[in-house]
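Structural features, examined
The residues making up each chain are set out below.
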Amino acid sequence: MPQEEDESLIIYLKKELEASLIRNESLEKGNQELRQEIIRLKAQISSLKAHDNERKSMLWKKLQNANESSKNDECQQKPSEFLKVSKQSADLSSPLPKMQESVPRKESQLPNLPPKLISPSVSSSPFSGVNKLPPTFAPPPPPPPTKMSPLSKSVRRVPEVAEFYRLLTRKSAHMENKSNSTATSGTAFTLNMIGEIENRSTHLSAIKSDVEKRKEFINTLIKEVECAAFKDISEVESFVKWLDVELSSLVDERAVLKHFAQWPERKADALREAAFNYRDLRTLDSEASSFEDNPKEPLMKALGKMQSLQDRLEGSINNTERTRESTVKKYRDFQIPWEWLLDSGFIGQMKLNSLKLAKEYMKRITKELLQHSESLDEENLLLQGARFAYRVHQAALTQGP
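In this report, the structure presented in the accompanying data block is examined. (Residues numbered from 1 in each chain as written. Predicted model: local features only at pLDDT ≥ 70, side-chain atom pairs only at ≥ 80, totals over all residues. Heavy atoms only, no water.)

Once that is clear, we can look at the overall build of the protein. Scanning the protein from terminus to terminus reveals 13 helices and zero strands. Reading the helices (α) and strands (β) of the protein from amino to carboxyl end gives α-α-α-α-α-α-α-α-α-α-α-α-α. Counting only residues that meet the buried cut, the protein has 21% of its 401 residues in that class. Contacts in the protein between residues at least 24 apart in sequence constitute 77% of all its contacts with a sequence separation of at least 6. For the protein, the exposed area adds up to about 31,000 Å²; of that, 58% sits on carbon and sulfur atoms. (Helix = DSSP H or I, 4+ residues; strand = E, 2+ residues; numbered from the N terminus. Buried < 20%, exposed > 50% of the residue type's maximum accessible area, 1.4 Å probe, protein only. Contact = heavy atoms within 4.5 Å. Areas by Shrake-Rupley, 256 points an atom, 1.4 Å probe, with all protein chains shown as cover.)

On to the side chain of Glu297. Among the structural elements, Glu297 can be located in the loop between α9 (265–289) and α10 (299–322). Residue classification places Glu297 among the buried residues on the basis of a relative accessible area of 15%. Only 2.6 Å separates the side chain of Glu297 from the side chain of Lys305, close enough to count as a polar contact. (Polar contact = N/O pair within 3.5 Å; in protein donor to acceptor, adjacent residues only side chain to side chain.)

Tallied over the full model, the rule gives 16 salt bridges. The shortest N-O distance in the salt bridge between Arg254 and Glu265 comes to 3.0 Å. Of this pair, Arg254 sits in helix α8 (residues 253–257) while Glu265 sits in helix α9, placing them 11 residues apart in sequence. Look at Arg254 and you get partly exposed, because its relative accessible area is 48%. A relative accessible area of 40% means that Glu265 is categorised as partly exposed. Its salt-bridge partner being Glu314, residue Arg391 comes within 3.0 Å of it at the nearest N-O pair. Remark: Glu314 occurs in helix α10 and Arg391 occurs in helix α13 (residues 378–397); sequence separation between them is 77 residues. Residue Arg391 is classed as partly exposed on the basis of its relative accessible area of 28%. For Glu314, a relative accessible area of 18% puts it in the buried group. Sharing partners across several salt bridges, the network here consists of Asp244, Glu253 and Arg272. (Salt bridge = Lys/Arg side-chain N within 4 Å of Asp/Glu carboxyl O.)

This is the structure:
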């Protein structure tokens, strides 16, 4: 019977290989068509980009022309404004001749002074064709402003407003000093409250009593952890169990041990990590090696169980292999066994035990095909089995870094 089953399995696998080769040829043809389509789409994209660049250049030229036209309009407006300003300045300079006419009148209105006091420059000489202003007299003062601004008439200084502002600023400064003093007193009060709570807390008092009374016990545990050296990973597992039982007698392990600077925390954490990883991998390996298919279960449910178990195996092995280099270095430093992490150790054993899942998977498929060949999709089911067997085989052959 087992020989017949193996022969039938070989025949099915041959058929499946032929079908997969045909599918590969069709897929290659489809890939070639897709590549040609990609080349055509790339050509379309390049032509669209060129058209887009042309449109951008045309728009840029239009914007430049619009800016140049606006600048020309501004230049034409500026001369007209300059002419207006020059006309206004000419109108303002027109009262100057009147002022010049009024000056000789003032000279004529001077009182009759003795000849010694009158400057010779005041008297008109026959050779001076133009009357000159006397240099000894200062020019007349400018006329007072005829119109006062409405703000200068309405606004005046009010000292009451300044006094009121000073009073308010004094009050605000006084309130700030008060708030600062209350804040400091409040923080001091909260600190005092925290101190009282810590002194009255039963948990903290129990931690203090453990630190004081169980000092010798903790020192012995420190020596045990520091001197721990093992040859097999199973010894590490038993040691960690014993250590956890001993430390569970403390009220709070972390809170008590932080008062002891000599506690080898890194080595204790590494020992626990190694023990827990080995325990999890061992339970998973035992589940895979002792797996037996239940023929009463439906086909898809049974295949799903095997696939999920294989997924868990592959995930655990991949995680271990990804961090294996750093983990091995750490375990060597703390004298923890690390050979079980290699492919020649426990990890390699797990990979070999996963082959049993592939065997159970293919057995269930061939059994279902022999019993219910008409109601099942024979081709797809065979492809599923061959794919799963190939996946397990490749995972067992691959070696981590």
